[in-house]
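Inside the fold
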Amino acid sequence: MDPKSLFSLNDHLEALSKDGDPLVVLQKAVDFEYFRGWLVEGLGYGDGSKGGRPPFDAVMMFKALILQAQHNLSDARMEFMIRDRLSWMRFLGLSLGDRTPDENTIRHFRNRMTETGTLQRVMKAFDWQLHKKGYIPMSGQIVDASLVPAPKQRNTESERDAIKSGKSAQEIWPDEPNKAAQKDTDARWTLKVGGKVRYREDGTPLPMIAVPVFGYKSHISIDRRFGFIRSMAVTSATEADGRLLKRVVTTDNTSGDVWADSAYRSRSNEKWLSDKMLTSRIHRRKPKGKVMPKAIARANAAKSSVRAHVEHVFAHQKNRFGLFIRTIGLKRAEAKLTLANLAYNFNRLIFHERRRAMG
């Protein structure tokens, strides 16, 4: 490269840093090298003694997946953006003229991370990194779930029945392998009931608006003090929230309080929390056919002021990341949401580090 051109490129990158390149901030906040051992061991990278084309650096590829999650890009679009953006190339440690990963490499790396369980271990490793920085789980935990849409499926009634019975795509379309490869038999349709409650003139509530959604459900638990996602699970959209309480509640928080909405209240969950020496702060339901007692209504309102913090997590992922499942199958959806949760935690760490710096 012409020395003059190289000088101009360095000036350009320095100007990006001065203007507040968010990737420079991310690089300073997160110790990405901390993940190298977990990635190399989990993915089974060799020492190169067997020859062949060397794989892309594991940390660089992991950082690429985080960028992809932050911008909700397809693999093909991610391939283009890595080549197109200088700030992304610098973040990934690439220079002009370097070999860059194509869409197949990106997809293979993510699938390999999923198949080997490395992605889950990396998320746990980051939790340990948070502990070292002093961000230990404190003040209790908040549990909630959110629907994440996926591409809608158009199936016949007999095909839908076969999917519900648990048959795989290959079993349903044995003579159409290309069609089977594009069918998601793990995602499900459900109704999302939401919106502000409206009332008639006599004070009785109007029916809630129900919107059909096809996809998956993201279940998370965050610590109340710092707001990091400490535990997660992924299911089809039809899975009941309350059934996942035992999977996402952790026992390493300094406080035993557990907040959740009324969908998580059941005798089984209350007993389980009690057996684990945890304190239920789960909303109570309105008595059927009766007016909600004022004391319970006030208690629920107080719980809502705490529980609302978990809604900020989903809003961040959906509004800033444009969260949407592009892949097919539960395992790949879990990988997508794990990366989105990691990306959120990275952003959350930046927020807290800035607050610390400001005193």
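To start, this report covers the structure provided alongside it. (Residues numbered from 1 in each chain as written. Predicted model: local features only at pLDDT ≥ 70, side-chain atom pairs only at ≥ 80, totals over all residues. Heavy atoms only, no water.)

Regarding its fold elements, the chain presents 15 helices and 6 strands. Expressed as a percentage of its 359 residues, the buried residues of the chain come to 43%. Residue pairs in contact within the chain that sit at least 24 positions apart in sequence constitute 66% of those at least 6 positions apart. In the chain, 62 side chains carry a positive charge and 40 a negative one; their mean positions are 8 Å apart. (Helix = DSSP H or I, 4+ residues; strand = E, 2+ residues; numbered from the N terminus. Buried < 20%, exposed > 50% of the residue type's maximum accessible area, 1.4 Å probe, protein only. Contact = heavy atoms within 4.5 Å. Lys, Arg positive; Asp, Glu negative; His and termini not counted. Charge placed at Lys NZ, Arg CZ, Asp CG, Glu CD.)

The subject of this paragraph is the side chain of D261. Relative to the assigned elements, D261 resides in the loop between β5 (257-260) and α13 (267-275). Overall, the relative accessible area of 18% leaves D261 in the buried class. A distance of 3.0 Å separates a polar side-chain atom of D261 from the backbone nitrogen of A263. Ignoring any residue separated from it by four or fewer positions in sequence, one finds D261 in contact with D144, I282, H283 and R307. (Polar contact = N/O pair within 3.5 Å; in protein donor to acceptor, adjacent residues only side chain to side chain.)

Our focus in this paragraph is helix α4 (residues 58-71). For an α-helix the count is 3.6 residues per turn, leaving residues at separations of three or four pointing the same way. For α4, with 14 residues, the first-to-last C-alpha span of 20 Å sits near the 20 Å given by 1.5 Å per residue. Residue D57 occupies the N-cap position of α4, its side-chain oxygen lying 3.2 Å from the main-chain nitrogen of V59. (Expected span 1.5 Å × (residues − 1).)

Right, let's get into the pattern of salt bridges. Within the structure shown, the criterion is met by 18 salt bridges. A salt bridge links E239 to R243; the nearest nitrogen and oxygen atoms lie 3.7 Å apart. Of the residues examined, E239 reaches a relative accessible area of 24% and is grouped as partly exposed. Where R307 meets E311, a salt bridge forms, and the shortest distance between an N and an O atom there is 3.6 Å. With R307 and E311 both in helix α14 (residues 294-320) and 4 residues apart, the pair spans about one turn of that helix. With a relative accessible area of 14%, R307 lands in the buried category. Shared partners join several salt bridges into a network, and the residues in it are D144, D261, R307 and E311. (Salt bridge = Lys/Arg side-chain N within 4 Å of Asp/Glu carboxyl O.)

Two faces, one strand: in a regular strand the side chains alternate between the faces of the sheet. In terms of residue burial, strand β4 (residues 229-236) counts as a mostly covered element, since 8 of its 8 residues are buried. Pairing of strand β3 (residues 209-223) with β4, which is carried by 7 bridges, proceeds in the antiparallel orientation. Considered in β4, the bridge of Y216 is made with S236. (Pairing = 2+ DSSP bridges.)

Right, let's talk about the nonpolar core for a bit. The biggest cluster of nonpolar side chains holds 70 residues, and the ones touching the most others in it are V30, F32, F35, L39, F62, L342 and F346. If one sorts the elements of this core by residue count, helix α15 (residues 330-358) sits on top with 11 residues. With residues up to four places along the chain from it excluded, the contact list for L39 reads A58, V59, F62, M113, T118 and V122. (Core = buried A, V, L, I, M, F, W, Y, C linked by side-chain atoms within 4.5 Å.)

Turning next to the pairing of strand β1 (residues 141-149). The element β1 is largely enclosed, with a buried count of 8 among its 9 residues. With 9 bridges joining them, β1 and β3 adopt antiparallel strand pairing. Residue S146 lies in a different strand from β3, and its bridge partner there is S218. As defined by bridge partners, β1 adjoins β5 across 2 bridges and the pair is classed as parallel. Looking at β5, one finds that I142 is bridged to W259.

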